[in-house]
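Structural overview
Read off the chains here:
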Amino acid sequence: MSPHPRDQIKQKQSPATHRQTLAHRAARGACLALLLGAQNLSHAQATHKDKMNSAHSAAEALAVHNSAIVIDTHADTPQRFVDEHWNFTDPLDGGMLNYETAKKGNLGAQFFSIWVDPGQYPADASARRTLALIDGTLEQVRRAPDKFALCVTADQIVAAHKQGKFAVLMGIEGGHSIEDSLGLLRDYYRLGVRYMTLTWSNTNHWADSSGDIDDTTVPHHNGLTPFGNDVVREMNRLGMIVDISHVSDKTFWDVIETTRAPIIASHSSARALTGAPRNLTDEMIRAIAKNNGVVMVNFFPAFIDEQWRQAWNTQRPERQKAQDALEAEYKAKGLPVPYAASDKIDREFAAKIGRAPFNSLIDHFDHIIKIAGIDHVGIGTDFDGIPVPPEGIDSAADLPRITQALMARGYTADDMHKLLGENLLRVFRDVQAAQQKPPVIAPGQGQ
Ligand SMILES: [Zn+2]
């Protein structure tokens with residue numbers, strides 16, 4: 001969940017990226033001019049040969065992609081399960097991810113985001129909504145056990161993959177879900193939740209968020225409070241992955257100080273390329289590499305393309321007006337605004353900007369690899385939580401294009417296997433190895 005109307009995305013210039021995009025577009029134009037100007041046979045032959053080569057390498061890249069365990073750490077689909085009574089085996093119907101497109105794109109494992117909209121659910125009703133979303137996700141597995149496997153360890157993901165089953169995992173997005181209770185945190189672990197994003201766009205009682213850090217009306221803590229440190233330590237003890245997407249910069253550095261296990265950014269891109277405060281600076285990316293964690297690239301155009309981000313920010317007052325009108329309409333009925341309704345408004349506004357270039361997405365993978373190394377990058381699509389993915393990515397079925405584009409830039413089959421899933425499996429194993437057993441007492445234990 002990223003560009004929700006309450007997700008604060010602050011204006012910030014990144015002239016370097018702007019220049020890069022313009023240079024890229026100019027190069028594309030020059031290339032076209034060259035093709036149009038091609039008169040002699042040898043050039044035509046060379047062009048034909050290049051096409052054959054790239055066709056060959058595209059097929060090769062597809063084979064590499066299809067031989068990998070592909071893991072996406074962030075999709076906001078559970079709201080569809082609960083609010084729309086939509087099943088993962090149903091046709092997409094406006095979504096970006098379902099069983100069919102996952103199969104087509106060889107997506108093998110999905111962390112489903114359990115996200116409670118703090119603007120729609122009162123703080124003391126967060127747990128109830130969290131439980132509803134967990135139930136909605138678990139029900140998908142119950143209904144089609146021949147297709148899905150609920151996985152709570154890295155080894156289970158590998159086993160599900162061998163059986164040809166789609167691995168279903170859960171991550172909570174926003175520490176407000178625990179309602180300041182380590183007991184609730186443990187309960188979520190018992191139900192199968194394996195990561196928690198410490199904040200969403202809202203600062204909670206124990207951790208500052210990047211989403212409202214400049215809002216002086218929000219009480220801030222200068223990062224993590226002592227209880228926030230306890231949450232991180234309890235997650236380490238449980239073997240639950242600490243996710244720093246969405247947190248403020250100070251919270252990030254506090255987490256780095258406190259955690260005893262590797263961490264992830266389940267859906268964050270690079271701030272050096274796109275100036276969203278939700279993105280990670282190069283210093284943070286290096287710190288995650290040193291922590292042996294992994295940064296999963298978010299696909300939201302406002303996080304991967306500076307021009308798109310600025311256009312999106314320019315629209316904000318008008319978009320907010322439309323969202324406020326929608327909220328008033330539901331408030332009058334005494335109902336929370338369904339995500340699908342507010343997403344519809346965001347999609348209409350996003351359509352006015354158009355699609356962000358596919359290469360902007362690839363640039364973020366490339367950048368993070370250059371800064372952190374190939375062992376510390378992965379995929380965190382944010383499917384079903386963003387109004388539109390970049391050009392060329394309509395659904396999970398298009399994931400092989402990422403492998404093709406990165407291999408065209410020189411990355412190897414081994415590199416791709418790491419990026420597509422092995423890096424996340426490594427972190428998951430390390431986090432579980434740091435667990436203190438037994439992490440909890442559950443029914444059937446402790447007799
Ligand atoms: Zn999010």
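Because the structure is predicted, anything quoted here is derived from the model rather than measured.

A look at the confidence of the model for the protein
- This prediction gives the protein a mean pLDDT of 90; 87% of its residues lie at or above 70.
- Of the regions scoring below 50 in pLDDT, residues 3–47 engages in 44 contacts with residues more than four places distant in sequence or in other chains.

A closer look at the pairing of strand β2 (residues 107–115)
- In terms of burial, β2 is largely enclosed, as nine of its nine residues are buried.
- With four bridges connecting them, strand β1 (residues 70–75) and β2 associate as parallel partners. Its bridge partner being in β2, Ile-71 is matched across the sheet by Ala-109.

Some points on the packing of helix α10 (residues 282–290) against helix α15 (residues 358–372)
- Between α10 and α15, whose axes approach to 9 Å, the crossing angle comes to 60°. Here α10 is positioned oblique relative to α15, judged by the angle of their axes. α10 and α15 meet at a crossing whose hand is right-handed. Facing Asp-282, Ile-285, Arg-286, Ile-288 and Ala-289 of α10, the residues of α15 in contact are Ile-368, Ile-371 and Ala-372.
- Broken down by class, the residue content of the contact of α10 with α15 amounts to six nonpolar, no polar and two charged.

As for the environment of Ile-362
- With respect to the element layout, Ile-362 can be found in helix α15.
- With 21 C-beta atoms packed within 10 Å, Ile-362 lands in the buried category.
- The spatial distance from the C-alpha of Ile-362 to the C-alpha of Arg-409 is 9.4 Å, given a sequence separation of 47 residues.

Looking at unusual backbone geometry
- Following Lys-437, the chain continues to Pro-438 via a peptide bond in cis, the omega torsion being -10°.
- Looking at where Pro-438 falls in the secondary structure, it is placed in the segment after α17 (413–433).
- One non-glycine residue, Asn-222, adopts positive backbone phi at about 60°.
- Tracing the backbone shows Asn-222 in the loop between β5 (193–197) and α8 (226–238).
- Note on Asn-222: 10 C-beta atoms within 10 Å, which makes it exposed.
- The phi torsion at Asp-384 lies on the positive side, around 65°, for a residue other than glycine.

Calculation rules
Residues numbered from 1 in each chain as written. Predicted model: local features only at pLDDT ≥ 70, side-chain atom pairs only at ≥ 80, totals over all residues. pLDDT = per-residue confidence, 0-100. Contact = placed C-beta atoms within 7 Å. Buried ≥ 20, exposed ≤ 12 C-beta atoms within 10 Å, placed from the backbone. Helix = DSSP H or I, 4+ residues; strand = E, 2+ residues; numbered from the N terminus. Pairing = 2+ DSSP bridges. Axes fitted to C-alpha atoms, helices over the stretch in contact; angles between N-to-C directions. Parallel < 35°, antiparallel > 145°, perpendicular 65-115°, else oblique. Left-handed = near helix turned anticlockwise from the far one by under 90°. Nonpolar A, V, L, I, M, F, W, Y, C, P; charged D, E, K, R; others polar.

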